Amino acid sequence: MAKKRQIADYDESKLRISKPDPVAAGARGVVVAAERALPRDGVARTARTWLTMNQVGGFDCMSCAWPDPDPGQRHPAEFCENGAKAVAEEATEDRATPEFFAAHSIAEMDSHSEYWLGQQGRITHPMVKRPGATHYAPIGWDEAFELIAAELQGLSSPNQATFYTSGRASNEAAFAYQLFARAFGTNNLPDCSNMCHESTSVALAESIGIGKASVVMADVEQADLLILAGHNPGTNHPRMLTHVEIAKRRGAKVLAINPLKETGLTRFKNPQSPRDVLGRGIRVADLHLQVKINGDLALFQAIGSLLVQWDALDHDFIDRYTSGFDAWAEHVRTVDWDQVVEATGLARGEIEAAARMIADSKKTVFCWAMGICQHRNGVATVKEIVNVALAQGNIGKPGAGLLPLRGHSNVQGDRTMGIWERPPTAFLDKLQEEFGFDPPREPGHDVVDSIRALRDGEVTVFVGLGGNFVQASPDSGVTYRALRRAKLTVQISTKINRSHLVCGETALILPTLGRTEHDVQASGPQWISVEDSTCSVHSSRGPLHPASPHLRSEVSIITSIAEKTLDQRMGIDWRGMRDDYRLIRRHISRVVAGCEAYEVNVRAPGGFLMPHPPRDSRTFQTGSGRAEFVVSPLELLDVPPRHLLLQTMRSHDQFNTTVYGLSDRYRGVNGGRKVVFLHRDDIAALGFDDGDHVDLITHWDQDAVARSVRDFRIVEYDIPRGCAAAYYPETNPLLPLDATALGSNQPAAKSIVVSLVPAGQSAENGGEGQQKAVGADWVHKSRPQPVHLS
Ligand SMILES: Nc1nc2c(c(=O)[nH]1)N[C@H]1C(S)=C(S)[C@@H](COP(=O)(O)OP(=O)(O)OC[C@H]3O[C@@H](n4cnc5c(=O)[nH]c(N)nc54)[C@H](O)[C@@H]3O)O[C@H]1N2
Ligand SMILES: Nc1nc2c(c(=O)[nH]1)N[C@H]1C(S)=C(S)[C@@H](COP(=O)(O)OP(=O)(O)OC[C@H]3O[C@@H](n4cnc5c(=O)[nH]c(N)nc54)[C@H](O)[C@@H]3O)O[C@H]1N2
Ligand code: SF4
Ligand SMILES: [Mo]
């Protein structure tokens, strides 16, 4: 039954700052999960989801990409607080019906927060905004598909359309989607990965020949040393801590590298263990390097230098499997320690202590995520981490390896299925063999290039398979205007978000089934498959009745659009794929390397492991056939006096742009989100006090545009000097579109040069999120010194 609770938006003035929670998870995590799930989903639905989540034959948690234990070793409650929140958000009994859309204009909805939008519940009907309309109105599925087909057929080039994917889409949906885009004639397949682990993918491909993690879960448990760099496990991959705990109880050490002493890096209580819940839990990090933002490249070069100096090297591995060692050793030997200390903010002794831990470990696992990737030098930093791993042979042996923690639950699978604007030639050849058409060969647009092309009128149709493109992307002002220029925007979504409101001349919302729901097609019940951070591929089937009888599955929507647009051209059996997903899996087994016998393997309890040559046999499919040591020059970001380097990150109560609630209890922030964390000495040096409200202004000398966000409360915090932190996506207006990582074009969301002015004083410069070109006069006044981002 459709229900509508009246939900008030939150009031930022209720923001309260308290002491951060000192322990991650524990009983409190269970209580919060229940508090969130029960009022919105009811007892029966909550029980049904919790009992089948991450179980064999059940559904895969749609939150993060952390793997599940082997089938025999799963706990009856194999999920965490944030997994439970993700399920509650999807399984909610609230509904956004046509009556809701009739009662709320697009402009009115746009005046609300992401939190309020999400609270409106599941979208029940396909909706359309026609040119000039102020409201969305219902539309039939067939008419919606015809509208899309007509617009696509009317383009003078297929490259005038772009097809975005967010990493929640299943392998089946992703395969069908990329097939459609390529049959239509374009490689414009941007995805959330362009903003997430693109730097990792680029770096690992060059260094070890494959852009994926080289470990399985058992390696984490068997390691001597776990390096947790630039990620926040207590919030963003919480069950990882259970396995970190197993390793620690075996005697493993943990080295944390993070400007913030995140609670999950400090102390953890396993909520599933009575011993932990009653006791004090475990101390996580044995050593925490509170590195300055963007200091990691210098840090890993310094560590490399010490390993070389101490001869703490695996010479046999280096000789047999690698190339480029001598040049790298020479480079790090001459590292300038003054520069290292300046870049990292760490004392030489601290770095030596960390290097000593690494030197003493026989099996090290290197973990990282956004704190490493989202920088100008993200690619170089990942390569430097790999250099240090290679120096000690920490790849392709039990208990050791590289573990980039993927973001979305199936972002890795989507790439495996060909969601990629630069597909490998071998993949396209297979596609051609299987389907008989000649796929486009020239690279397509990634996220940033799609925005540029929309901005410049070169792309006029945007299709989004999930996600919240306008809100997740950088430079909100530019991106908003770019999307508003589109002739047609199509969003395949479960819930309302900003991308439905900042839309093209004609806009469609196509409501879809979520991971928790039954999916029944003409041939009967269907299931889907996904791949986690450790290359494990398995099936998922939802336990719940769909939120509305009008919903269609992602596969059904994509194949219907394809059928209408391409008709019988190319002889692809879209209807067959829609009616029975086994046909898609048959195609996958013939096109995607490593997915042979896909149907059988993926159905096995626990699924199967994708091949990974470095992990499996120390085989490196690089140009030289060896793992590459890569030399990266050390370039420091120039942050002028009275300016700060801002990182934008997630609270404990959100999933990317979906704001579940307003409690970031691990950082002591409650009731609001517009905070900026600063060191007490910086607060004083800039002439402010804790609790003052400020505007943040970006400093970027490559265009004459003022970027600001307004009215953020200063929170005194344990953060290195010169650094600032605030939540995403509120800060996305600050991130210039062109501020991307070298080599990966990934937005540098963790190194934005900003200054602060008292709240309200940036208004004259265009106001919050506004992208007004301003005169050289203002640029000069607000920027005492030019910024060199090289
Ligand atoms: N509950 C929940 N789970 C999620 C998500 C979510 O939003 N909510 N998002 C998912 C997605 S898509 C992703 S990509 C992952 C993201 O997972 P994380 O990478 O953990 O995400 P962030 O919140 O961006 O946190 C980045 C961490 O890096 C640190 N950091 C920032 N700058 C630097 C730096 O220069 N050097 C170092 N060493 N550290 C730095 C920050 O202090 C912070 O602890 O999580 C996934 N899981
Ligand atoms: N400043 C800054 N910007 C960032 C980041 C940062 O750290 N700082 N992080 C970046 C990263 S790592 C990422 S991954 C991106 C995330 O970018 P996206 O993946 O585009 O964003 P999400 O917020 O995860 O998308 C949420 C929306 O997905 C839809 N959805 C949810 N479940 C489903 C489903 O099952 N099917 C379909 N079709 N739709 C569904 C809902 O409508 C929901 O509103 O943001 C990036 N942007
Ligand atoms: S660790 Fe990640 S995948 Fe596992 S239950 Fe928690 S949120 Fe879901
Ligand atoms: Mo991500």
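Residues numbered from 1 in each chain as written. Chains lettered and ligands numbered in written order. Predicted model: local features only at pLDDT ≥ 70, side-chain atom pairs only at ≥ 80, totals over all residues. Heavy atoms only, no water.

Per an unreviewed UniProt entry, the protein carries the name FdhF/YdeP family oxidoreductase and comes from Microbacterium terregens. Per UniProt, the comment on the protein under Sequence similarities (unreviewed entry) is "Belongs to the prokaryotic molybdopterin-containing oxidoreductase family." (UniProt positions renumbered as here; feature names shortened; annotations may be inferred.)

Attention now moves to the overall build of the protein. Counting its secondary structure elements, the protein contains 33 helices and 36 strands. The globule rule puts the C-alpha radius of gyration for 790 residues at 28 Å, and the 25 Å found for the protein is close to it. Dimensions of the protein along its principal axes, counting C-alpha atoms only, are 70 × 60 × 55 Å. Evaluated residue by residue, the protein yields a buried proportion of 66% over its 790 residues. For the protein, the accessible area works out to roughly 26800 Å², and carbon and sulfur atoms hold 51% of it. Each charge sign in the protein was given a centre, from 84 positive and 95 negative side chains, and these centres are 4 Å apart. (Helix = DSSP H or I, 4+ residues; strand = E, 2+ residues; numbered from the N terminus. Rg over C-alpha atoms; globule rule 2.2 N^0.38 Å. Buried < 20%, exposed > 50% of the residue type's maximum accessible area, 1.4 Å probe, protein only. Areas by Shrake-Rupley, 256 points an atom, 1.4 Å probe, with all protein chains shown as cover. Lys, Arg positive; Asp, Glu negative; His and termini not counted. Charge placed at Lys NZ, Arg CZ, Asp CG, Glu CD.)

Most of helix α2 (residues 81–91) sits inside the fold, with 11 of its 11 residues counted as buried. For α2, the full list of buried residues reads E81, N82, G83, A84, K85, A86, V87, A88, E89, E90 and A91. The inward-facing, buried residues of α2 contact α1 (26–52), α5 (114–119), β4 (122–123), α10 (233–236) and β27 (658–659). (Contact = heavy atoms within 4.5 Å.)

Before going further, it helps to spend a moment on the site of ligand 3. With respect to spatial proximity, the complete set of residues near ligand 3 consists of N54, C61, S63, C64, F79, C80, G83, P238 and R239. Of the residues that constitute the shell around ligand 3, the class distribution is five nonpolar, three polar and one charged. (Near = heavy atom within 4 Å. Nonpolar A, V, L, I, M, F, W, Y, C, P; charged D, E, K, R; others polar.)

The strand order across the open sheet formed by three strands is β1-β29-β28, and the pairing between neighbours is antiparallel. Each of the sheet's edge strands pairs with one partner strand only, and the pair in question is β1 (16–17) and β28 (663–664). With two bridges connecting them, β1 and strand β29 (residues 669–670) associate as antiparallel partners. Within β29, the position partnered with I17 by the bridge is V669. (Pairing = 2+ DSSP bridges.)

Attention shifts here to the site of ligand 1. As a matter of local geometry, ligand 1 sits amid 31 residues, with N258, E262, N294, D296 and N656 nearest to it. One of the backbone N or O atoms of I257 is found 3.1 Å from a nitrogen atom in ligand 1. N656 places a main-chain nitrogen or oxygen 2.6 Å from an oxygen atom of ligand 1. The fraction of the free accessible surface of ligand 1 (920 Å²) that becomes covered by protein chains is 99%. Among the elements of the structure, α10, α19 (370–373), β25 (644–649) and β26 (654–655) are those that each provide at least two residues to the shell around ligand 1. Classifying every residue of the shell around ligand 1 by side-chain character gives 11 nonpolar, 16 polar and four charged. (Polar contact = N/O pair within 3.5 Å; in protein donor to acceptor, adjacent residues only side chain to side chain.)

Secondary-structure assignment places S556 in helix α27 (residues 554–566). For S556, the contacting residues outside a window of four places in its chain are Q521 and R578.

Attention now goes to the environment of M370. For M370, the position within the fold is in helix α19. Along the backbone, M370 and H288 are 82 residues apart, and their C-alpha atoms lie at a distance of 18 Å. Discounting chain neighbours no more than four positions away, the residues touching M370 are M195, C196, H197, G230, R650, Q746 and K750.

Once that is clear, we can look at the packing of aromatic side chains. Evaluation of the coordinates by the stated rule reveals 23 aromatic pairs. On the basis of an interplanar angle of 40 degrees and a centroid distance of 6.4 Å, the ring pair of F175 and F435 is categorised as tilted. Pair noted here: F175 is in helix α7 (residues 171–184) and F435 is in helix α22 (residues 425–435), with a separation of 260 residues, a long-range link. F435 matches F175 in its accessibility class, with the two residues each being buried. Taking the centre distance of 5.9 Å and the plane angle of 90 degrees together, the rings of Y598 and F608 count as edge-to-face. In this pair, Y598 sits in helix α30 (residues 598–603) while F608 sits in strand β23 (residues 608–609), placing the two residues 10 residues apart along the sequence. What links up through ring pairs into an aromatic cluster is the set F163, Y177, F180, F184 and W574. (Phe/Tyr/Trp six-rings, centres within 6.5 Å; stacked < 30°, edge-to-face > 60°.)

Spatially, β2-β10-β11 is the arrangement adopted by the three strands of the open sheet, whose pairing is mixed. Each of the sheet's edge strands pairs with one partner strand only, and the pair in question is β2 (24–25) and β11 (282–283).

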